[in-house]
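Secondary and tertiary structure notes
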Amino acid sequence: VSDGNDVKAMGETLLFEDLAKKNITALNASGVKKIITLSPHTFNTLKNDYPAMGGQYQVYHYSQVLAFAMGKLMFMADLPPLRVTFHDPCYLGRHNTDYESPRMILRSLPGMKIAEMDRNRKNALCCGGGGGNFFTDLLSGGDDSPARVRVREAAMAGADVLAVACPQCAVMLEDAVKTEGLN
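So, here's what we can say about the structure. (Residues numbered from 1 in each chain as written. Predicted model: local features only at pLDDT ≥ 70, side-chain atom pairs only at ≥ 80, totals over all residues. Heavy atoms only, no water.)

Interhelical geometry of helix α7 (residues 146-156) versus helix α8 (residues 167-180) gives an angle of 70° and a closest axis separation of 8 Å. Considering their axes alone, α7 and α8 lie roughly perpendicular with respect to each other. Counting all contacts with α7, which are made through Ala147, Arg148, Arg150, Val151 and Arg152, the residues of α8 involved are Met172, Leu173, Ala176, Val177, Thr179 and Glu180. Class assignment of the residues belonging to the contact of α7 with α8 gives a composition of six nonpolar, one polar and four charged. (Axes fitted to C-alpha atoms, helices over the stretch in contact; angles between N-to-C directions. Helix = DSSP H or I, 4+ residues; strand = E, 2+ residues; numbered from the N terminus. Parallel < 35°, antiparallel > 145°, perpendicular 65-115°, else oblique. Contact = heavy atoms within 4.5 Å. Nonpolar A, V, L, I, M, F, W, Y, C, P; charged D, E, K, R; others polar.)

Right under this line is the structure:
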């Protein structure tokens with residue numbers, strides 16, 4: 001079932017409203033009060049668009065839940081020392097101003113050192129997957145595609161790992177890593 005974010009981003013307002021109303025009806029009938037999402041896009045839609053249509057829920061992105069729990073989790077073994085950079089997803093960061101939850105998780109992992117890219121938090125470059133481009137590829141995958149530029153920025157930051165908190169960003173950036181030969 002779609003939350004409607006992508007069709008809304010592509011201008012299909014009536015389809016979005018239909019999907020949202022059906023989802024809200026089903027969620028309300030099930031007595032849902034709290035929702036944890038994997039996608040920042042879904043997080044944004046449920047948190048910011050659904051309330052006006054009767055969808056009143058406490059909505060969390062999974063990174064927020066994990067960040068809250070990090071002090072309570074125990075790790076069996078130390079991880080090898082790694083320099084990790086975090087790509088801020090647009091719908092978690094700029095649209096909902098949460099830049100710290102994913103970083104709190106990374107800082108809590110033994111052996112992790114955060115290496116910030118020059119463009120981070122509110123100034124982070126989009127991976128290029130938002131606004132429906134994930135499905136349409138209107139921006140193409142050329143040398144200057146946002147995802148390829150972004151993975152080069154991660155490499156310039158000296159990162160061993162490029163961490164993401166969005167499934168669409170993961171796909172866009174994994175493809176760019178392969179294309180750039182930065183495995």
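Our next topic: the pattern of salt bridges. Counting across every chain of the model gives 11 salt bridges. Residues Arg103 and Glu116 are paired through a salt bridge, measuring 2.7 Å at the closest nitrogen-oxygen approach. Placement of the pair is Arg103 in helix α5 (residues 100-108) and Glu116 in the loop between β4 (112-114) and α6 (133-136), with a sequence separation of 13 residues. Residue classification places Arg103 among the buried positions, given a relative accessible area of 0%. The exposure class of Glu116 is partly exposed, given its relative accessible area of 28%. Salt bridges sharing common partners tie together Asp88, Glu100, Arg103, Arg107, Glu116 and Arg121. (Salt bridge = Lys/Arg side-chain N within 4 Å of Asp/Glu carboxyl O. Buried < 20%, exposed > 50% of the residue type's maximum accessible area, 1.4 Å probe, protein only.)

Turning next to the pairing of strand β2 (residues 58-61). Side chains Val59 and His61 of β2 all project onto a buried face; the interleaved residues Gln58 and Tyr60 project onto a face where none is buried. Two strands pair when backbone bridges link them, and strand β1 (residues 34-37) and β2 are joined in this way by four bridges, in the parallel orientation. Following the sheet pairing, Thr37 is matched in β2 by His61. (Pairing = 2+ DSSP bridges.)

The parallel open sheet is built from three strands, whose spatial order is β4-β3-β5. Either end of the sheet is taken by a strand with one partner, and the two such strands are β4 and β5 (161-163). Going from strand to strand, the sheet's axes swing by 40° on average, the running direction of each strand aside.

Geometry only, nothing functional implied.
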